[in-house]
Amino acid sequence: LGYLIWTARRASASTAARPVRLRLLFGSTTGSSEKWARHTEAELQKHLQLAGAQAEVHIENLETFDFDSILEKGVGQCADIVVVMISTHSEGLPPPSCSHFCTLLDDHVHDFRVGKTALSHLNFAVLGFGSSDYEEAGHFCTAAMRVDAGFAALSARRLLPVGRVSDTRDADSQVTPWLERLSELVMRLSQGLEVEHDPTGNAEDFGLGDGDYSDGESESTSVGSDASQDRGADPADLEDLHEDGCATAGASKGKKEAREMVTKRHREQLTKEGYKIIGTHSAVKLCRWTKHQLRGRGGCYKHTFYGITSYECMEATPSLACANKCTFCWRHHKNPTGTEWKWKMDDPLEIVAEGVELHRKMIRECKGIPGVKPDRLEAAMTIKHCALSLVGEPIMYPRINELVDELHRRKISTFLVTNAQFPEAIENLRPITQLYVSVDAGTKESLKAVDRPIFTDFWDRYLSSLKALEQKQQRTVYRLTLVKDQNMSDIPGYAKLVALGKPDFIEIKSVTFCGESKASTLTMGNVPWHEEVKAFGEKMLSYENLDSEYELACEHQHSCIILLANKRFKIDGKWHTWIDYDKFHGLVEKGERSGLGFAAMDYSALTPDWALYGSQEKGFDPQEKRVFHNRTKRRAKEGMLSEEQLRMYPSNPADS
């Protein structure tokens, strides 16, 4: 590039030099496209100025860009260049902010009144931003591919193949080679030199996707690229090719050595957030409720609903990968994604052993926290419960049954959560203390919008997963996570789904807001109040005759969650939602010896009054002490909390 700048400087004094008009257009969803457009503007401005080139570089948002201006030819021999950087919103569509531009481009392509050489005066390049997780669904940077195809259809001259940047890999390593080549071509044009235009859009020439392109069957491949070329990539191996130097186009799936699930990038991001990585695909993390109850400040909702001891619970996962990219994911999509197991596989006994040791180490580190009770700290060293719900999809791990068996052998109960995309794995699961299925929407459309599943047959898998739950003899739960303005409108739809799985319990909880992130557009405005969650549950019981089988049993106001329980668990007028854990482990051992099964009612236990729905304690254990944040107490004393906010607390924080 330095040589080109030198030659351009020499050429600028000659008659061969050409003025350059370069327009950088961006269409962004999370800000990536705009960020890189501004970076590109700065780089090109610098290079052109060093070369002494006569150039105009402008940057503009596609939302406000005048489409007709690209139809106008530049003055004289001006080298007219348009660079478009655009993300993909959902379902392969462009961001809403630039949908008008894309519609106009498409209209011009198909309008018989517009000449097919309408953009022949333009040189162009397109860079797309998206996620290769949607490659199989045909939605990886589809918006960019369509823009690329539209420009080419109107005879604009493609400078570079369309680049596709995946958020599953480091963006800089993907953008830089493409940008360097773009800079070289712009410099040549400024010298009045001819450049070889790219007719096919073969991205592999620039290191932008060894394997990041499908085999020509999806919509995203058929536009702006050579659909007949055999790219040979396995769609399941899209994520980490940047770090896997051995991956090349044409390599067969059978010959590839299994890679580690957690890449260096994933490991750094997850470790920074407090995860302890186990082996190559598992993790543990200390739950905040564990720390709360160690200090006598209350347990989690599972303590209220099911009688676990929060400081004796380990939160873990044997698979950090997931098949969804939910809008409310509290991990902000820093974990891998996939639709099948394609990585190295660690031994389940080793996962449990290392997980237990790492958890105990984190417990020991709590010793210096003010208020930690010594007796609870000592008891916490003996793990009695495991929530297999940390992040990812636990049942993707092919040896999940062996892992669960090892936990039970250690007298550790299991609470396993699945995202309803692997029905066969649910069917094959051996007894779990309590098995959850996430029921995030009542309709296909809202499930697509909220969970953003990778599977194309996600709705069929969803329904099959619910049906598979009905066959389980042990305790089963539907878990509904409510996101205001996204999945709370179709209460009858949720009620209809109950008949498919006939769960023992239905948990209805408010979404947890985990701060702003480029991976999510959620705000505190999407978080329902506890009263809204209660109203949702009460109304849901009025549909599909659910109130004949279920009742509101428990609530945990502190977590904005309520529990609907099957009336079978109300014995002689008393709820038995709690679990007799010793009895459960005895039944597991007996079942292994005799081959006999056992049912959910066999290990139920009496629920205390303070845990019941409508109790004065609102699900907060009276043996614990509710501690309010100093900011909350100050605002309450100053009268800055509304009546609605005050109803969210069991007592006025100003009085504490």
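Structure shown above.
Quantities reported herein were computed from a predicted structural model and do not represent experimental measurements. (Residues numbered from 1 in each chain as written. Predicted model: local features only at pLDDT ≥ 70, side-chain atom pairs only at ≥ 80, totals over all residues. Heavy atoms only, no water.)

Engineer: Before we go on, may I ask you to explain the sheet that holds strand 13 (residues 475-482) in this structure?
Structural biologist: Pairing between the strands of a sheet is mediated by backbone hydrogen bonds and can be parallel or antiparallel. Overall, mixed pairing links the 10 strands, which are arranged 7-8-9-10-11-12-13-14-16-15 in an open sheet. The sheet is open, and its two edges are formed by strand 7 (276-278) and strand 15 (550-556), each paired on a single side. Mean inter-strand twist for the sheet, computed between neighbouring axes without regard to direction, equals 25°. Across five bridges, strand 14 (residues 505-510) lies against strand 16 (residues 561-566) in antiparallel orientation. Looking at the pairing, phenylalanine 505 lines up with alanine 565 of strand 16. Running over the sheet, helix 16 (residues 491-501) touches strand 13, strand 14 and strand 15 and is turned about 160° from strand 13. (Pairing = 2+ DSSP bridges. Helix = DSSP H or I, 4+ residues; strand = E, 2+ residues; numbered from the N terminus. Axes fitted to C-alpha atoms, helices over the stretch in contact; angles between N-to-C directions. Contact = heavy atoms within 4.5 Å.)

Engineer: Teacher, can you tell me more about unusual backbone geometry here?
Structural biologist: Excluding glycine, a negative phi dihedral is what most residues carry, and trans is how most peptide bonds are arranged. Even without glycine at this site, cysteine 141 takes up a positive phi of about 55°. Residue position: cysteine 141 is located in the loop between strand 4 (122-130) and helix 4 (142-153). The phi dihedral of lysine 618 is positive, around 55°, even though this residue is not glycine. Structurally, lysine 618 can be placed in the loop between strand 20 (604-605) and helix 19 (630-637).

Engineer: Just checking my understanding: could you explain the nonpolar core for this structure?
Structural biologist: The nonpolar side chains of a soluble globular protein tend to be buried, and buried together. Among the nonpolar cores identified, the biggest contains 80 residues, and Val439, Leu480, Ile506, Ile508, Phe536 and Met540 are the most heavily contacted of them. Sort the elements by how many residues they give to this core and helix 15 (residues 458-470) lands first, with seven residues. (Core = buried A, V, L, I, M, F, W, Y, C linked by side-chain atoms within 4.5 Å. Buried < 20%, exposed > 50% of the residue type's maximum accessible area, 1.4 Å probe, protein only.)

Engineer: Is there a simple way to explain helix 2 (residues 32-50) in this structure?
Structural biologist: Since the α-helix advances by 3.6 residues per turn, residues separated by three or four positions end up pointing in the same direction. For helix 2, built from 19 residues, the straight-helix expectation of 27 Å at 1.5 Å per residue is met to within 8% by its first-to-last C-alpha distance of 27 Å. Of the residues making up helix 2, those classed as buried are Ser33, Trp36, Ala37, Thr40, Glu41, Leu44, His47 and Leu48. Buried residues of helix 2, viewed axially, fall in a sector of 150°; they line one side. (Expected span 1.5 Å × (residues − 1). Arc of directions from axis to C-beta.)

Engineer: Help me understand the pattern of salt bridges, please; the structure alone is not making it clear to me.
Structural biologist: Two side chains that carry opposite charge are able to pair once their charged atoms sit near each other. Counting across every chain of the model gives 25 salt bridges. Among the salt bridges present, the one from glutamate 43 reaches lysine 46, with a minimum N-O distance of 3.6 Å. One end of the pair is glutamate 43 and the other is lysine 46, both in helix 2 and three residues apart, which spans about a single turn. Here glutamate 43 falls in the partly exposed class, since its relative accessible area comes to 23%. Residues glutamate 470 and lysine 502 are paired through a salt bridge, measuring 3.6 Å at the closest nitrogen-oxygen approach. In this pair, glutamate 470 is assigned in helix 15 and lysine 502 in the loop between helix 16 and strand 14, connecting sequence segments 32 residues apart. (Salt bridge = Lys/Arg side-chain N within 4 Å of Asp/Glu carboxyl O.)

Engineer: I tried to follow the packing of helix 2 against helix 5 (residues 171-190) on my own but got confused; where do I start?
Structural biologist: The relative placement of two packed helices comes down to the angle between their axes together with the axis-to-axis distance. Put simply, helix 2 and helix 5 touch, their axes get as near as 10 Å, and they point 35° apart. Between helix 2 and helix 5 lies a crossing whose hand is right-handed. On the side of helix 2, the interface is formed by Trp36, His39, Thr40, Glu43, Leu44, His47 and Leu48, while helix 5 contributes Ala171, Asp172, Val175, Leu179, Leu182, Ser183, Val186, Met187 and Ser190. When grouped by side-chain class, the residues that make up the contact of helix 2 with helix 5 number nine nonpolar, five polar and two charged. (Left-handed = near helix turned anticlockwise from the far one by under 90°. Nonpolar A, V, L, I, M, F, W, Y, C, P; charged D, E, K, R; others polar.)

Engineer: Mind showing me how you'd approach the environment of glutamate 538 here?
Structural biologist: Tracing the backbone through its elements, the reader meets glutamate 538 in helix 17 (residues 530-540). Glutamate 538 sits in the partly exposed class, given a relative accessible area of 42%. Placed 13 residues apart in sequence, glutamate 538 and glutamate 551 show a C-alpha to C-alpha distance of 8.8 Å. For glutamate 538, the contacting residues outside a window of four places in its chain are Leu552 and Tyr613. Within polar-contact distance, the side chain of glutamate 538 engages the side chain of tyrosine 613 at 2.7 Å. (Polar contact = N/O pair within 3.5 Å; in protein donor to acceptor, adjacent residues only side chain to side chain.)

Engineer: I'm lost on the state of the cysteines in this one. Help?
Structural biologist: Here, the word disulfide means a covalent bond between the sulfur atoms of two cysteines. This structure, assessed with the given rule, holds zero disulfides. Free cysteine cysteine 300: the closest other cysteine sulfur is in cysteine 287, separated by 6.2 Å. Classification of cysteine 300 as buried rests on a relative accessible area of 10%. Lacking any disulfide linkage, cysteine 326 is separated from the closest cysteine sulfur, that of cysteine 322, by 6.0 Å. Of the residues examined, cysteine 326 reaches a relative accessible area of 10% and is grouped as buried. (Disulfide = S-S within 2.5 Å.)

Engineer: Please explain the environment of serine 465 as it appears in this structure.
Structural biologist: Along the chain, the position of serine 465 falls in helix 15. In the structure, serine 465 is positioned 35 residues away from leucine 500 in sequence and 9.2 Å away in space, judged by C-alpha atoms. In contact with serine 465, other than residues within four places in its own chain, are Ala420, Gln421, Phe422, Pro423 and Ile426. Within the structure, the side chain of serine 465 is placed 3.5 Å from the backbone oxygen of alanine 420, a separation counted as a polar contact.

Engineer: Would you take a moment to explain the side chain of serine 28 for this structure?
Structural biologist: By the element assignment, serine 28 lies in the loop between strand 1 (20-27) and helix 2. Taking the relative accessible area as the measure of exposure, serine 28 reaches 18% and is therefore buried. Within the local environment of serine 28, its side chain forms a polar contact with the backbone nitrogen of glycine 31, the two atoms lying 2.8 Å apart. Look past the residues within four positions of serine 28 in its chain and what remains in contact with it is Ser33, Glu34, Ser87, Pro95 and Ser97.

Function-wise, these values are silent; they only describe arrangement.
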